[in-house]
Amino acid sequence: MSYQAAGYAMQACPSCYQPVGGPGPCGRCGFDVPVEWLTNVQLSLAVTGARTAGKSVLIGVMMDQFECYLKSRQQLLTAAGTTERRFTERYRVPLLQQRNLLGATPPADQQPVEPLLWSFNHDGIRFCLSITDAAGEDFERLAPNDERFRYLGFVDFIVTLVDPLKVADVQAVLDGAVTIPRQSGDDIHVMRQVLRARAAQRVEGGPEQLLAVVLSKFDVLQRLGKLRTAPWQSIFNRPGAAMQRDPWMGEGIDVDADGRLLHEELVGLLERMGGGLVEAAAMEAGIPHRLFAVSALGSEPDAQSVSSGGIIPFRVLDVLRAALAMKEGRLRG
Ligand SMILES: Nc1nc2c(ncn2[C@@H]2O[C@H](COP(=O)(O)OP(=O)(O)OP(=O)(O)O)[C@@H](O)[C@H]2O)c(=O)[nH]1
Ligand SMILES: [Mg+2]
Ligand SMILES: [Zn+2]
């Protein structure tokens, strides 16, 4: 019996987004498509950004926190296909157990770009979440029509990381106090490359997509707020600033209102960081966007390992929460 006869609609492989008729190895890219991808509500995120922007650390910590969040709601996070092995080897053991930083993600010509997939129940809906991590090195030199990055035209959420440590004004204040990445590419340039690739890969009638612009390593900026330097001090130390609190830590906070407030605060902050380009690039690409601020580690790490205080993430679930809310909103019409 064909899978279509068994009730699977013709769907796309979560790795190459070419049509597949059922679970098992994809005829185009060979990725082993798990059945959950075809039976559950799909939610897909592509995490993009220049080298050392913080993509892999964010994914590792976010998924660990998401598992805790689901547990608090008596729900389980279940890895699908080969995800358990890949997540354990590349993220859980080095980062969460050995407390080391992660090596650079290998570029696509050394290791295929494959999504990580998990299934879970949320608000009564059975989801299959796909998250694709790739090397900053690839994004920095991305050709818009590179087939290996076809997924950029199909995922629900394009997450693009902006590292505040690369902003000249921020560097000027913190130089000497923190390790400034010197070799990696410009985040706004990478964001524009990613949006170009997205436009080239999209097909007529493709999915509605959303761009999540994430200021990573937000602990760095919070630290600026503690220094008595204008204008950072006044930006961060306003009473009630959403930038200073994590809604997951408190009960009874209206998370949507909080997200909107944070977005507005970050628009102001980005302007100070020369980030008018972010708005311009998103407008030019014709994709709705929202701003986020995240610190996966919570503080500046040591040379090789996370800081001795451990991992105390800040707003690390915001992007996922917004993605879920968007999908649930669409489903409920
Ligand atoms: N202060 C601070 N530093 C962070 C945080 N997250 C990551 N970093 C630093 O950024 C470095 C790079 O993080 P990764 O997640 O490996 O970067 P990536 O974007 O995956 O890099 P590629 O794989 O090369 O594309 C880490 O080794 C840390 O030094 C954070 O939340 N706060
Ligand atoms: Mg990486
Ligand atoms: Zn495929």
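Described in the following lines is the structure provided in the data block.

Considering the coordination of the zinc ion (ligand 3)
(1) Moving on: At this site the zinc ion (ligand 3) is bound by Cys13 (SG), Cys16 (SG), Cys26 (SG) and Cys29 (SG), with donor distances of 2.3 Å.
(2) Moving on: Coordination geometry of the zinc ion (ligand 3): the 4 donor atoms subtend angles of 106 to 115° at the metal centre, consistent with an arrangement described as tetrahedral.
(3) Moving on: The buried category is assigned to Cys26, whose relative accessible area is 4%.

Looking at the packing of aromatic side chains
(1) Moving on: Scanning all chains against the criterion turns up 9 aromatic pairs.
(2) Moving on: Ring geometry for Phe218 against Phe314: centres 5.9 Å apart, planes inclined by 10°, an arrangement best described as stacked. With Phe218 in helix α7 (residues 218-226) and Phe314 in the loop between β11 (289-293) and α11 (318-332), this pair connects stretches of sequence that are 96 residues apart.
(3) Moving on: Judged by its relative accessible area of 0%, Phe218 is buried.
(4) Moving on: The exposure class assigned to Phe314 is buried, which follows from its relative accessible area of 10%.
(5) Moving on: Taken together, the aromatic side chains of Phe66, Tyr69, Phe120 and Phe127 make up a single cluster linked through ring pairs.

Some details on the sheet that holds strand β8 (residues 125-133)
(1) Moving on: What the 7 strands build is an open sheet, ordered β6-β7-β8-β5-β9-β10-β11; its pairing is mixed. At either margin of the open sheet sits one strand with a lone partner, and together these are β6 (78-79) and β11.
(2) Moving on: As paired strands, strand β5 (residues 41-48) and β8 are joined by 7 bridges and run parallel to one another. By the bridge assignment for β8, Gln42 is matched with Cys128.
(3) Moving on: Contacts from α11 reach β5, β7 (116-122), β8, β9 (157-162), β10 (210-215) and β11 within the one sheet, and its direction differs from that of β5 by about 145°.

Overview of the coordination of the magnesium ion (ligand 2)
(1) Moving on: Coordination of the magnesium ion (ligand 2) by the protein is provided by Ser56 (OG) and Thr105 (OG1), with metal-donor distances spanning 2.1 Å. Here Thr105 lies in the loop between α3 (83-97) and β7 and Ser56 lies in helix α2 (residues 55-72), a separation of 49 residues in the sequence.
(2) Moving on: Using a relative accessible area of 11% as the deciding quantity, one classes Ser56 as buried.

Remarks on the site of ligand 1
(1) Moving on: Taken together, the neighbourhood of ligand 1 is formed by 23 residues, with Lys55, Val57, Thr105, Gly136 and Asp219 sitting nearest.
(2) Moving on: Measuring from an oxygen atom of ligand 1, one finds a side-chain N or O atom of Lys217 at 3.1 Å.
(3) Moving on: At 2.7 Å, a side-chain N or O of Asp219 approaches a nitrogen atom of ligand 1.
(4) Moving on: Expressed as a share of its isolated accessible area of 660 Å², the protein-covered part of ligand 1 is 91%.
(5) Moving on: Among the elements of the structure, α2 and α7 are those that each provide at least two residues to the shell around ligand 1.
(6) Moving on: Top contributing element to the shell around ligand 1 by residue count: α2, with 3 residues.
(7) Moving on: Residue composition of the shell around ligand 1, grouped by class: 11 nonpolar, 7 polar and 5 charged.

Topic: the environment of Val278
(1) Moving on: With respect to the secondary-structure elements, Val278 resides in helix α10 (residues 276-285).
(2) Moving on: Overall, the relative accessible area of 0% leaves Val278 in the buried class.
(3) Moving on: Separated by 116 residues in the primary sequence, Val278 and Val162 place their C-alpha atoms 9.5 Å from one another.
(4) Moving on: Setting aside its immediate chain neighbours within four residues, Val278 contacts Ile188, Met191, Val213, Leu270 and Leu291.

Focus on the nonpolar core
(1) Moving on: The biggest cluster of nonpolar side chains holds 63 residues, and the ones touching the most others in it are Tyr151, Phe218 and Leu269.
(2) Moving on: At 6 residues, the largest contribution of residues to this core is made by helix α6 (residues 187-201).
(3) Moving on: Setting aside residues up to four positions removed in sequence, Tyr151 forms contacts with Ser15, Tyr17, Ala46, Val113, Thr132, Ala134 and Phe139.
(4) Moving on: Of all hydrophobic cores here, the second largest spans 45 residues; its members include Ile59, Ile311, Leu320 and Ala322.

Thoughts on the packing of α6 against α10
(1) Moving on: Closest axis-to-axis distance for the α6/α10 pair is 10 Å, and the angle between their directions is 5°. Classed by the angle they form, the pair α6 and α10 counts as roughly parallel. Residues Ile188, Met191, Arg192, Leu195 and Arg198 of α6 pack against Leu277, Val278, Ala281, Ala282, Glu284 and Ala285 of α10.
(2) Moving on: Considering only residue class, the contact of α6 with α10 consists of 8 nonpolar, no polar and 3 charged.

Observations concerning α7
(1) Moving on: Of all 9 residues in α7, 7 are buried; the element is thus mostly enclosed.
(2) Moving on: Along α7, the positions that sit buried rather than exposed are Phe218, Asp219, Val220, Leu221, Gln222, Leu224 and Gly225.

Criteria and thresholds
- Residues numbered from 1 in each chain as written.
- Chains lettered and ligands numbered in written order.
- Predicted model: local features only at pLDDT ≥ 70, side-chain atom pairs only at ≥ 80, totals over all residues.
- Heavy atoms only, no water.
- Donors = N, O, S within 2.8 Å, 3.2 Å for Na, K, Ca; no water.
- Tetrahedral: all angles 85-135°; square planar, octahedral: opposite > 155°, others 65-115°.
- Buried < 20%, exposed > 50% of the residue type's maximum accessible area, 1.4 Å probe, protein only.
- Phe/Tyr/Trp six-rings, centres within 6.5 Å; stacked < 30°, edge-to-face > 60°.
- Helix = DSSP H or I, 4+ residues; strand = E, 2+ residues; numbered from the N terminus.
- Pairing = 2+ DSSP bridges.
- Contact = heavy atoms within 4.5 Å.
- Axes fitted to C-alpha atoms, helices over the stretch in contact; angles between N-to-C directions.
- Near = heavy atom within 4 Å.
- Polar contact = N/O pair within 3.5 Å; in protein donor to acceptor, adjacent residues only side chain to side chain.
- Areas by Shrake-Rupley, 256 points an atom, 1.4 Å probe, with all protein chains shown as cover.
- Nonpolar A, V, L, I, M, F, W, Y, C, P; charged D, E, K, R; others polar.
- Core = buried A, V, L, I, M, F, W, Y, C linked by side-chain atoms within 4.5 Å.
- Parallel < 35°, antiparallel > 145°, perpendicular 65-115°, else oblique.

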